[in-house]
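Fold and geometry: a report
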Amino acid sequence: MPGASTYSSDIAFTPSVKAVQSRKGSRHAYERVEARGSWQTRITAELKTFIEAQRSVFLATANRDWQPTIQHRGGPPGFLKVLDESTIAFVDFAGNRQYITLGNLSENPKAHLFLIDYEHQRRIKIWGEAHAVEGDDELIAKLMPDGYKARPEQAILFSVSAWDLNCPQHIPQRFEAADVAASLAERDNRIRDLEAEIRRLLASKKLRERNST
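Residues numbered from 1 in each chain as written. Predicted model: local features only at pLDDT ≥ 70, side-chain atom pairs only at ≥ 80, totals over all residues. Heavy atoms only, no water.

**Things to note about the overall build of the protein**
The number of helices and strands found in the protein is six helices and seven strands. Across the protein, helices and strands are ordered from the amino to the carboxyl terminus as α-α-α-β-β-β-β-α-β-β-α-β-α. Compactness check: the protein gives a C-alpha radius of gyration of 25 Å against a globular reference of 17 Å for 213 residues, more than 25% above the reference. Looking at the protein as a whole, 32% of its 213 residues qualify as buried. Counting only contacts in the protein whose residues sit at least 6 apart along the sequence, the fraction spanning at least 24 positions is 71%. Charge separation in the protein, taken as the distance between the mean sites of 30 positive and 28 negative side-chain charges, equals 8 Å. (Helix = DSSP H or I, 4+ residues; strand = E, 2+ residues; numbered from the N terminus. Rg over C-alpha atoms; globule rule 2.2 N^0.38 Å. Buried < 20%, exposed > 50% of the residue type's maximum accessible area, 1.4 Å probe, protein only. Contact = heavy atoms within 4.5 Å. Lys, Arg positive; Asp, Glu negative; His and termini not counted. Charge placed at Lys NZ, Arg CZ, Asp CG, Glu CD.)

Structure representation (structure tokens):
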């Protein structure tokens, strides 16, 4: 309506969404969020740390007919890079060569990032716009993870409009295989050290017993 306030969360809370919230009884709670300033629109230091620690992200785009697609992008921690308080970037590695995301972005820049940390049961939703950068070797070199065995094709730059931290409810707790393997190796090494210490103590005890007879 004319003169109505606008909030950063309006990027997701459209009039039809707000109508459902009113019908379902949650609109008052989100009005309180709006009164406190709504969702953040800049990447904070804490969010930067979270983003750059992730090994994967889901990227949602849609074509001009609003047909959506969600695709996974992954790499070692740090493959997602925060360039400034409103820009996230990553190298788009060669894959199955369908290029759905690139085609969608050429028609419609609106995009969404969904990051989920199963270990700590946290998830972040980020709304914004994205575009592909091709042929920029300097940018690719800046974004390419050191030593990662993948072929870069282009870079994706994502401009943040708003972001929201979801509650951990219903997120299953899972752990990265490499982290589990490292923990098990540490445990096994500790067991070997304890077993060696036990053997040493038993040998020392037997020696004392022989010397005392």
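**Describing the sheet that holds strand 7 (residues 152-166)**
Strand order in the open sheet formed by seven strands is 2-1-5-6-7-4-3, and the pairing between neighbours is antiparallel. Strands with a single pairing partner mark the edges of an open sheet, and in this sheet they are strand 2 (68-74) and strand 3 (81-84). Geometrically, the sheet is characterised by an average inter-axis angle of 35 degrees between neighbouring strands, direction not taken into account. Sheet topology places strand 5 (residues 110-117) next to strand 6 (residues 122-133); eight bridges connect them, and they run antiparallel. (Pairing = 2+ DSSP bridges. Axes fitted to C-alpha atoms, helices over the stretch in contact; angles between N-to-C directions.)

**Re the nonpolar core**
Ile51, Ile88, Leu113, Leu115, Ile126 and Phe158 are the most contacted members of the largest nonpolar core, which has 23 residues in total. It is strand 7 that contributes the most residues to this core, four residues altogether. Among all residues touching Ile51, those that are not within four sequence positions of it are Leu80, Val82, Ile88, Leu115 and Ile126. By size, the runner-up hydrophobic cluster in this structure holds 10 residues, among which are Ala89, Val91, Val133 and Leu143. (Core = buried A, V, L, I, M, F, W, Y, C linked by side-chain atoms within 4.5 Å.)

**Looking at the packing of aromatic side chains**
Evaluated as defined, the whole model comprises five aromatic pairs. Within the aromatic cluster, the residues linked to one another by ring pairs are Phe13, Tyr30, Trp39 and Trp127. Just above the ring of Tyr118 sits the side chain of Arg174; from NZ or CZ to the centre is 5.2 Å. (Phe/Tyr/Trp six-rings, centres within 6.5 Å; stacked < 30°, edge-to-face > 60°. Lys NZ or Arg CZ within 6 Å of the ring centre and 35° of its normal.)

**A closer look at the packing of helix 1 (residues 15-24) against helix 2 (residues 27-35)**
Between helix 1 and helix 2, the least distance of the axes is 7 Å, while the angle of their chain directions is 125 degrees. Taken as axis vectors, helix 1 and helix 2 run oblique relative to one another. Listed contacts from helix 2 to Lys18, Gln21 and Ser22 of helix 1 are Arg27, Tyr30 and Glu34. By residue class, the composition of the contact of helix 1 with helix 2 is one nonpolar, two polar and three charged. (Parallel < 35°, antiparallel > 145°, perpendicular 65-115°, else oblique. Nonpolar A, V, L, I, M, F, W, Y, C, P; charged D, E, K, R; others polar.)

**Focus on the pattern of salt bridges**
A complete count under the given rule lists 14 salt bridges for this structure. Between Glu34 and Arg27 there is a salt bridge whose closest N-O contact spans 3.1 Å. Each member of the pair, Glu34 together with Arg27, is buried. For Arg42, the salt bridge is made with Glu85, and the minimal N-O distance between the two is 3.3 Å. Pair noted here: Arg42 is in the loop between helix 2 and helix 3 (45-53) and Glu85 is in the loop between strand 3 and strand 4 (87-93), with a separation of 43 residues, a long-range link. We classify Arg42 as partly exposed; its relative accessible area is 40%. (Salt bridge = Lys/Arg side-chain N within 4 Å of Asp/Glu carboxyl O.)

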